[in-house]
Amino acid sequence: MKIKSILLGMCLALSLVACGPKDADIQKEIAAKMGDMPGMEVTVKDGVATISGICKDAACKESCENIAKGIKGVKSVVNNCEIKAPEPVATAAPVEINADSVLNTSVSEVVKTYSGVTASVKDGVVTLTGDIKKSQLPNLIKSVQELKPKKVENKLTIK
């Protein structure tokens, strides 16, 4: 009688284990719950869920793992998801530098309104010389910089 009870108990235990979710069913359930996460893949073997794919960020990776952990029959999760590299930042447009001929004409027009100031242009560099009132300097420098030279060298003497 004792042996029958032991055998009956073992059969019952085996049948309960056999009734647990199958790997294929676990895999389908995880895949269904991760359906709104394109590119994610899951495999299940012996109750171990392995997830892989490209996530947009760490929160996505964590969410995939939590989904898998929440499925009945999952013993552990191997999270092989990779986080997508950020998109490169757009670089600024190249700086436009006017040719010396354009700068010479434009700079001459600007400095003629400032008595005592002269300008020369060479290789895109505007050099300002002469005397100027302190109050006039910011406007002159701003006006010359708006002409898009490579550089403005201020060799002015402030009166």
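This section reports on the structure supplied with the text. (Residues numbered from 1 in each chain as written. Predicted model: local features only at pLDDT ≥ 70, side-chain atom pairs only at ≥ 80, totals over all residues. Heavy atoms only, no water.)

1. Focus: the nonpolar core
Step number 1: Counting residues in hydrophobic clusters, the biggest one holds 18 residues, and the most contacted among them are Ile 30, Met 34, Ala 49 and Cys 64.
Step number 2: Taken together, the elements giving at least two residues each to this core come down to α2 (23-33), β1 (41-45), β2 (48-55), α3 (58-69) and β3 (76-83).
Step number 3: For this core, the element with the highest residue contribution is α3, accounting for four residues.
Step number 4: Not counting residues up to four positions away in its chain, the partners in contact with Ile 30 are Val 42, Val 44, Ala 49, Ile 67, Ala 68, Ile 71 and Val 74.
Step number 5: Formed by 16 residues, the second largest nonpolar core is a distinct cluster that contains Val 110, Val 111, Leu 137 and Leu 147. (Core = buried A, V, L, I, M, F, W, Y, C linked by side-chain atoms within 4.5 Å. Buried < 20%, exposed > 50% of the residue type's maximum accessible area, 1.4 Å probe, protein only. Helix = DSSP H or I, 4+ residues; strand = E, 2+ residues; numbered from the N terminus. Contact = heavy atoms within 4.5 Å.)

2. Examining the side chain of Asn 79
Step number 1: With respect to the helices and strands, the residue Asn 79 is situated in strand β3.
Step number 2: There is a polar contact of 3.2 Å between the side chain of Asn 79 and the backbone oxygen of Lys 61.
Step number 3: Of the polar contacts made by the side chain of Asn 79, one reaches the side chain of Glu 65; its length is 3.1 Å.
Step number 4: Each residue touching Asn 79, except ones within four places of it in the same chain, is listed here: Ile 51, Lys 61 and Glu 65. (Polar contact = N/O pair within 3.5 Å; in protein donor to acceptor, adjacent residues only side chain to side chain.)

3. Notes on the layout of surface pockets
Step number 1: Computed from the structure, the largest pocket encloses a volume of approximately 170 Å³.
Step number 2: In terms of lining residues, the largest pocket is bounded by Asp 36, Met 37, Pro 38, Met 40, Ile 54, Cys 55, Lys 56, Cys 60 and Lys 84.
Step number 3: The residue inventory of the lining of the largest pocket, partitioned by class, reads six nonpolar, no polar and three charged. (1 Å grid on protein atoms, 1.4 Å probe; cavity = no way out; pocket = protein on both sides within 12 Å on 5 of 7 lines; lining within 4 Å. Points joined across faces, edges and corners; volume = space filled by probe spheres on them. Nonpolar A, V, L, I, M, F, W, Y, C, P; charged D, E, K, R; others polar.)

4. Things to note about unusual backbone geometry
A negative phi angle is the norm for most residues apart from glycine, just as the trans form is the norm for most peptide bonds.
Step number 1: Positive phi values are uncommon outside glycine, yet Asp 123 reaches one of about 55°.
Step number 2: Tracing the backbone shows Asp 123 in the loop between β4 (117-122) and β5 (125-132).
Step number 3: Unusually for a residue other than glycine, Lys 148 sits at a positive phi of about 65°.

5. Description of the state of the cysteines
Step number 1: This model, assessed by the stated rule, comprises zero disulfides.
Step number 2: In this model Cys 81 remains outside any disulfide bridge; the closest cysteine sulfur is found in Cys 55, 4.1 Å from its own. (Disulfide = S-S within 2.5 Å.)

6. Description of the sheet that holds β1
Step number 1: Overall, mixed pairing links the three strands, which are arranged β1-β2-β3 in an open sheet. For this open sheet the edge positions go to β1 and β3, each flanked by a neighbour on one side alone. Here the strands of the sheet are splayed against their neighbours by 10° on average, with no regard to which way each runs.
Step number 2: As defined by bridge partners, β1 adjoins β2 across five bridges and the pair is classed as antiparallel. (Pairing = 2+ DSSP bridges. Axes fitted to C-alpha atoms, helices over the stretch in contact; angles between N-to-C directions.)

7. Points about the environment of Gly 73
Step number 1: Its place among the elements puts Gly 73 in the loop between α3 and β3.
Step number 2: In this structure the C-alpha to C-alpha distance between Gly 73 and Pro 21, which are 52 residues apart in sequence, comes to 5.8 Å.
Step number 3: Setting aside residues up to four positions removed in sequence, Gly 73 forms contacts with Pro 21, Ile 26 and Gly 47.

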